[in-house]
Every structure is written in structure tokens, then in C-alpha cells.
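Okay, here's what each chain looks like letter by letter:
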Amino acid sequence: MTVKIGLVGTGTVGGGCLDILTNHAEDFKRNFGADIQLAGVCSREPERAAEYGVSDLFTEDYHDLLNNPEIDVIIELIGGTGIAKDVIMGALEAGKHVVTANKAVMASYGEEVFAAAAQKGLQVFFGASVGGGIPIIGPMRHSLIANQVTKIMGIVNGTTNFMLSRMNDDGLSYDAALKEAQDLGYAEADPTADVDGFDAAAKIAILASLAFHTDVRMADVYTEGIRNLNPLDFATAKSMGYAVKLVAHANLTDDGVFVRVHPTMLPLEHQMASVNGVFNAIYVVGDAVGQTMFFGEGAGAGPAASAVMGDVVELARRLELGIPEDCGSPVRQQLPLVPMDNLSTKYYIRFKVKDRPGVLAASAAEFSKAGVSVKSVSQRGNSKRDDVNLVFVTHTAKESDIRAAIKAILALDNVVTGGFPAVIRVEE
């Protein structure tokens, strides 16, 4: 059976897909009986089409692919939620299956996409939307469905994991780590999506929806990034027996679904504490399978293209066998979303204060007033009367009480505000 595909987007991942198709098309035909042929390429960069020798298939208007009756599958790889959403919805309206790596669309408009696909009897594959080349979407949809999944923790952004590794291992500042990540091509010129946690929020929204069969959207995820961290935080964490990671959390509780992204201290013996550099890891707990962890490279031409083309081959194989898979919405119920104020955990909190008598005592008093028990407090500075770091580690406390204490402390004299203090929640 011949399956013709239209590729929209020839960036890093799109180029990787073209490489795989060039190198393995004959393998796909021999091993799976599916003759996958490229029938159209859409991009804003005609030179990329020339580079891959597909100029005869090139167009700058994605509608040319949607209106091509020969094309069976549209691969969307342009990202974002503007034109990309139009491409996906337009492809489904035109009667074409969709393969996408677009986490933002699937995390924000997944239910609309699935509804449009179901109306037309089409399939939507999105295996590359989380974890790059890590095979996590497939297992969440198949291998683990006999389980009641109760917990997901993910290091799902390679840029921030690289930066945090450099800050931890070599004492780099946030700014220095970011510059290095940008110089190496890991971080964009505008790193907001990565360093402020939005990329991770989209990914955990998708995983939570799959795991708990409820509609979780990116906007539902409480999100904090890594901008406020500095080398002192890593040194202190290490002395406490922890590693600092930007972790995406999803938990199924008696009160509903709890999703959040924020810097987290993980015990050094935890499997994810040693995941460094641009690598990703996703830790899943099920009632039958117990603890599982998926590990690998989360971004880049090869890993992400591997996931995209894996979806294409699987779709083509099923079409060849005449047994198309039900790729409809995973949502079967609507569970309540637990507010962040309900979190109870231990906290590491670092303020910047003036080195003046009474600041430590006044700050500690505000924690006491808020009902927060402090485990330890330390002041890090020098002999000069400069700004110093005041570090608190609490016993288990409620998020709402912690926020009340922080608000009160920021209003004290001699506390340098300039934004929220560094807050790292501690995972036991």
C-alpha cells in the first residue's frame, strides 16, 4: 500500500524526518509493507527543500498540501498555536490523518483536535509532543492502560536540565548557563518557554490527560521557572543530600488531579536525580507495574524525528492492514483540578536581605505567625555590610501558609524585594 505524506515545516525536526525517509523508506516497505512516499513539502525556506532535493515538491502555502487529493497524511512540524493549529484542523477537515510534534496545540486544544478527527473517522498521532525520542506517549496509551497511574514526574525540558547541570556541576550563574545553552543551540534567543517552565507545562498537561483520562490543559498547570536560582541553591541542596531539577509533576489524589511545574529538590538516590545535560526522564508509578522510568534525549533532529516517523510508520502499517487504531480523545471523565495552595511539602526558600541586626529574627517570626515550622535557617554573606542570602528550610507546610509568610517577609524593612525569592519544593 502506498501512503503519501505532506510535510509542513523543514526546521530541525522536519529535516530529520527527511533524512529518515531517505535512509529507511525501503526498510519501511520491506518490513511493514507500507510504501511511504513524500508528496509535498511546505516551508518558508525554499533553500531547505533544495538542500534535500525536494524542490519539485515544494510550496510556501500549506493549503496546497491540504488540497492535494493524493496526500493521505499531513505531518505538522512548525510549532506554536497559530498557523500550526490551522494546519492540523485544516488537514482533518480535508480528510487527512495528522502526525504532529506540537505540544502546545495538543496541550491547549487537544479535545478540539480529537473531536474533529472523530467526526471524520481520522487519526491523530502525537508521539513526539513529549520527550522527543523517548517512547512515552505509546506506553501511556497502550502498555500501561491496565494500571491506575497515580504519579508522573518528568524532567522534560532539555534546555533547563542542561543549564541546571552546569550550575550544579561547575557553579555557573543563571546568566552564564543560559548564554552557554544559547551558544550551543540548546536555548532560543528568547528562552522564555524553556526557562519559565511553559514548555514543561504543556508536556505534563498531555501526560496527565493520558494517564488520568481527564481534560488537563496547559493553562491548568501551575508553573514556575528557574530564573531565581543561583549556585548557592545547588551547593546547599547538595549538602542536604538533594539535586535541584525543574520537574513537571502530575498526581492523582482523592481530591482530583494535581499538575504543577517548578524547581524541585530530589533525593540524590532518586532515579531522576542523576539525569543531567540535555537528557530527559519521565517517571511513572502505576498500581500494578509499580515504578517505571523512561530515559533518553528529549530534543534534537534525530530523537524527535524518530518519534515523528515512528508515528508515520505505525499509521501506515495499520492502514495497510486495514485495522486503523482508535486515536480518539483519551478523556473519559472530568476530574477536579487541585489548586496549588493545597500542596503540602517541605520548602527551601532563599531571600536577599540587608546585613542588618534583627532581619533574621523578624523573618523567622513571620514564618511562625503563618504556622510554618522552620527546620533550619542560615545567613550567607561576607564581612561587608552588603546584601546577603537568608536561607530557610521548613518542615512540611502548606503552600498557602508559605505564601502568606513570604508576602509578609517581603514587606519587612531591609528585605531586598526585586521579585519573588528563590523557592524550591522538596520531594521526599
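To be clear, the structure that these remarks concern was listed above.
Chemist: Quick question: what am I supposed to make of the overall build of the chain here?
Modeler: The helix and strand inventory of the chain stands at 14 helices and 18 strands. Taken over C-alpha atoms, the radius of gyration comes to 24 Å for the chain, in line with the 22 Å a tight globule of 428 residues would show. In terms of overall dimensions, the chain has a C-alpha envelope of 80 × 45 × 35 Å along the principal axes. Here the chain holds 428 residues, and the buried ones make up 53% of them. A separation threshold of at least 6 residues defines the contact pool for the chain, and within that pool the share at least 24 residues apart is 73%. With the model as given, the accessible surface of the chain reaches about 17900 Å², and the carbon-plus-sulfur share is 49%. Here the chain carries 36 positive and 52 negative side-chain charges, and the mean point of each set is 8 Å from the other.

Chemist: So what exactly am I meant to see when it comes to unusual backbone geometry here?
Modeler: Excluding glycine, residues mostly have negative phi values, and the peptide bonds linking residues are mostly trans. Look at His-213: it is not a glycine, yet its phi comes out positive at around 55°. Looking at the element boundaries, His-213 is found in the loop between α10 (198-212) and β8 (222-223). By relative accessible area, His-213 is classed as partly exposed at 31%. Positive phi outside glycine occurs at Asn-414, with the angle close to 70°. Within the secondary structure layout, Asn-414 lies in the loop between α14 (399-410) and β17 (415-416).

Chemist: Mind showing me how you'd approach the sheet that holds strand β6 (residues 124-125) here?
Modeler: Pairing between the strands of a sheet is mediated by backbone hydrogen bonds and can be parallel or antiparallel. Reading across the sheet, the 6 strands line up as β3-β2-β1-β4-β5-β6 and stay open at both edges, with parallel pairing between neighbours. One side of each edge strand has no neighbouring strand; the edge strands of this open sheet are β3 (58-59) and β6. Strand direction decides the pairing type here: strand β4 (residues 73-76) and strand β5 (residues 97-100), joined by 4 bridges, are parallel. Paired with Glu-76 across the two strands is Thr-100, which belongs to β5. Across the sheet, helix α4 (residues 83-93) lies against β1 (2-8), β4, β5 and β6, angled at about 170° from β4, the strand it touches most. Contacting β1, β2 (35-42), β4, β5 and β6, helix α12 (residues 301-321) runs over the sheet at an angle of about 155° to β5.

Chemist: Explanation requested: the packing of helix α7 (residues 158-170) against helix α8 (residues 174-183) in the structure shown.
Modeler: Geometrically, a packed helix pair is captured by the angle between its two axes and the distance between the axes. Orientation of α7 relative to α8, taken along the N-to-C sense of each, is 130°, at an axis distance of 9 Å. By the angle between their directions, the pair α7 and α8 is classed as oblique. Taken as a pair, α7 and α8 cross one another with a handedness that is right-handed. Residues Phe-162, Met-163, Arg-166 and Met-167 of α7 touch α8, and the partners they reach there are Tyr-174, Ala-177, Leu-178, Glu-180 and Ala-181. Residue composition of the contact of α7 with α8, grouped by class: 7 nonpolar, no polar and 2 charged.

Conventions used here
- Residues numbered from 1 in each chain as written.
- Predicted model: local features only at pLDDT ≥ 70, side-chain atom pairs only at ≥ 80, totals over all residues.
- Heavy atoms only, no water.
- Helix = DSSP H or I, 4+ residues; strand = E, 2+ residues; numbered from the N terminus.
- Rg over C-alpha atoms; globule rule 2.2 N^0.38 Å.
- Buried < 20%, exposed > 50% of the residue type's maximum accessible area, 1.4 Å probe, protein only.
- Contact = heavy atoms within 4.5 Å.
- Areas by Shrake-Rupley, 256 points an atom, 1.4 Å probe, with all protein chains shown as cover.
- Lys, Arg positive; Asp, Glu negative; His and termini not counted.
- Charge placed at Lys NZ, Arg CZ, Asp CG, Glu CD.
- Pairing = 2+ DSSP bridges.
- Axes fitted to C-alpha atoms, helices over the stretch in contact; angles between N-to-C directions.
- Parallel < 35°, antiparallel > 145°, perpendicular 65-115°, else oblique.
- Left-handed = near helix turned anticlockwise from the far one by under 90°.
- Nonpolar A, V, L, I, M, F, W, Y, C, P; charged D, E, K, R; others polar.

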